[in-house]
Structure formats: C-alpha cells, structure tokens
Amino acid sequence: MNAIEIKNLTKKFKEATVLDNISVDFEQGKIHGLIGRNGSGKTMLMKCICGIVPYKIGEIRVNDKIVGKDIDIPKNVGVIIETPGFLPNYSGFNNLKFLAKISDKIGKEEIRTAISSVGLNPDDRKHVGKYSLGMRQRLGLAQAIMENPDLLILDEPMNGLDKDGVKDMRQYLLDLKSQGKTILIASHSAEDIDVLCDTVCEMDKGKLEKVR
C-alpha cells in the first residue's frame with residue numbers, strides 16, 4: 001500500500017513551472033529519497049504534499065486522502081522543511097510544549113521522550129536562541145516525531161550535524177523505518193541516500209525521474 005500517491009502534479013508561479021507533471025508513488029514502511037540541485041523542486045514538492053503550498057493541476061493523496069480536497073493538511077505527518085523555527089527565548093522543552101498544545105494529543109512525557117530520543121536533554125534550560133544549528137535540527141526532528149506520526153517528511157534533516165550527529169540521525173531514521181514508519185527525505189548527501197533509502201527519485205528543473 002502507498003503512503004503517498006501523486007498524479008500529474010504541476011505547480012506554476014506566473015510563467016515559471018516549478019513542478020512539471022510529476023507522477024510517483026511512495027510505498028508505506030520504506031525510506032524514499034529525493035535528490036537534486038538547489039532549485040530543482042524538492043522542497044516545493046514536499047510543501048505541496050504537506051498542504052503548505054496549494055496546487056490546482058494534478059492530485060496528491062496522503063493516506064488515501066486528497067490534499068486540498070478531502071483534507072487541507074494531512075494528518076499523522078511529521079515535517080521538517082527548511083530550518084525549523086522556534087521561539088528563541090524559550091527552552092527546547094517549552095517550545096515543543098507550546099507546539100503540542102495546538103493539537104493537544106500528547107503530554108509532557110511524550111515530549112521528553114522525543115527530545116531524549118534525538119540526543120538532547122529535556123531538562124536543559126538553555127534558550128533555543130543559543131542552540132547550535134545541529135541542536136536546532138535535532139529539536140526539529142523531536143518536534144516532527146513527538147506525536148508518533150506514521151509519515152515523516154524531512155528536508156535536509158542532517159543539516160548542521162557533526163559526524164557523530166549524522167551517524168546518530170541515520171540510525172534513528174532506520175529505527176523508525178523498522179517500526180513501520182514511512183519517511184520521505186531530501187538530502188544533498190549521496191552517502192545519506194545510499195545508507196538510508198529504499199527508493200530514490202531525482203529532480204531537475206521541476207521534473208522527477210525515479211533512479212531506483
């Protein structure tokens with residue numbers, strides 16, 4: 001069964017075509033990689049899947065619901081797109097606590113577990129404004145996973161991580177896959193893609209081609 005099904009998706013901004021007649025399926029329980037240069041359309045495709053950017057041509061189904069028709073924003077999806085944005089004068093825990101109140105699905109223990117699982121200390125009172133880029137990325141992943149979603153959409157999740165951080169993150173994503181999660185990941189790192197991904201699609205000038 002497919003977690004994501006995309007048919008004939010085209011997205012234009014005035015005369016510029018940023019997604020050009022894309023059709024692709026992403027199967028449940030696997031890690032799917034998106035590769036391509038900056039500006040190739042990877043991030044825009046992810047934003048359309050998440051309902052962040054609307055589209056008029058084509059169809060996107062997430063968990064068998066049409067985005068923009070059956071649902072505005074897919075449910076049970078964790079997302080990192082671009083650099084995660086947090087309140088700089090609050091701790092990591094308090095940032096996630098505020099975000100968790102939006103859906104009111106989880107409590108403090110689930111937040112603490114998510115923060116610990118990405119290698120951060122939930123009791124650290126340091127303000128996020130003083131975090132390194134790598135720490136912000138880890139907190140972004142904690143936010144993405146804290147409500148235990150079935151699908152993760154991650155745009156450059158290794159950005160800013162040191163060598164050990166990358167190794168930890170790769171293992172964590174493989175662990176999530178072993179739990180049955182579906183992960184769509186965009187990365188500039190060929191090694192990340194080789195280590196993690198069951199399928200790989202390359203994007204260039206808004207067009208998508210399946211590599212494996």
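What this report covers is the structure whose coordinates are included nearby. Because the structure is a prediction, the values reported are computed rather than measured.

### Quick notes on the sheet that holds strand β3 (residues 31-35)
Pairing is mixed in the open sheet, where six strands are placed in the order β6-β7-β8-β3-β9-β10. The two strands at the open ends of the sheet, each matched to only one other strand, are β6 (77-80) and β10 (207-210). Each strand axis lies, on average, 15° off the axis of its neighbour in the sheet, ignoring direction. For strand β7 (residues 151-155) and strand β8 (residues 182-186), the ladder comprises five bridges, and the chain directions are parallel. The residue bridging Ile-153 from the neighbouring strand is Leu-184, located in β8. Packing against the sheet, helix α4 (residues 133-145) makes contact with β6 and β7, and its axis sits at approximately 165° to β6. Against the sheet, helix α5 (residues 163-178) makes contact with β3, β7 and β8, and its axis sits at roughly 150° relative to β8, the strand it touches most.

### A closer look at the sheet that holds strand β4 (residues 57-62)
A sheet is described by the order of its strands in space; here four strands give the open sequence β2-β1-β4-β5, paired in antiparallel fashion. Pairing within the sheet leaves two strands with one partner each, and these edge strands are β2 (16-27) and β5 (65-66). Two elements, β4 and β5, share two bridges in a ladder whose sense is antiparallel. In the sheet register, Val-62 faces β5, and the bridge partner there is Lys-65. Along the sheet face, helix α1 (residues 42-50) touches β1 (2-13), β2 and β4 and points at about 115° away from the line of β1.

### Some details on the state of the cysteines
In this structure the tally under the stated criterion is zero disulfides. Between Cys-197, a free cysteine, and Cys-201, which holds the nearest cysteine sulfur, the sulfur-to-sulfur gap is 9.8 Å. Looking at Cys-197, the relative accessible area reads 8%, which means it is buried.

### What to know about empty space enclosed by the protein
Scanning the model with the defined rule gives one cavity of 30 Å³ or more in all. The space that makes up the largest cavity amounts to roughly 40 Å³. Residues of the lining of the largest cavity, tallied by class, amount to six nonpolar, two polar and one charged.

### Things to note about α5
Compared with an ideal rise of 1.5 Å per residue, which puts 16 residues at 22 Å, α5 spans 23 Å between its outermost C-alpha atoms and is within 8% of the ideal. Those residues of α5 that are buried lie in contact with β3, α3 (108-117), α4, β7, β8 and α6 (190-196). Looking at the residues trailing α5, positive phi occurs at Gly-180, about 95°.

### Looking at the pairing of β1
The pairing of β1 with β2 spans eight bridges and is classified as antiparallel. Note on β2: the bridge partner recorded for Lys-12 is Thr-17. Summarising the sheet, β1 and β4 pair through five bridges and their orientation is antiparallel. Paired with Ile-6 across the strands is Ile-60, a residue of β4.

### Examining α3
An α-helical turn contains 3.6 residues, so any two residues separated by three or four positions project in the same direction. Where α3 is concerned, the buried positions are Ile-111, Ala-114 and Ile-115. Buried residues along α3 cover an arc of 95° about the axis, so they all sit on one side. Exposed residues on α3 whose side chains face more than 90 degrees from its buried face are Glu-109 and Thr-113. Buried residues in α3 make contact with α2 (92-103) and α4. Phi turns positive, to about 90°, at Gly-119, one or two residues after α3.

Rules and cut-offs
Residues numbered from 1 in each chain as written. Predicted model: local features only at pLDDT ≥ 70, side-chain atom pairs only at ≥ 80, totals over all residues. Heavy atoms only, no water. Pairing = 2+ DSSP bridges. Helix = DSSP H or I, 4+ residues; strand = E, 2+ residues; numbered from the N terminus. Axes fitted to C-alpha atoms, helices over the stretch in contact; angles between N-to-C directions. Contact = heavy atoms within 4.5 Å. Disulfide = S-S within 2.5 Å. Buried < 20%, exposed > 50% of the residue type's maximum accessible area, 1.4 Å probe, protein only. 1 Å grid on protein atoms, 1.4 Å probe; cavity = no way out; pocket = protein on both sides within 12 Å on 5 of 7 lines; lining within 4 Å. Points joined across faces, edges and corners; volume = space filled by probe spheres on them. Nonpolar A, V, L, I, M, F, W, Y, C, P; charged D, E, K, R; others polar. Expected span 1.5 Å × (residues − 1). Arc of directions from axis to C-beta.

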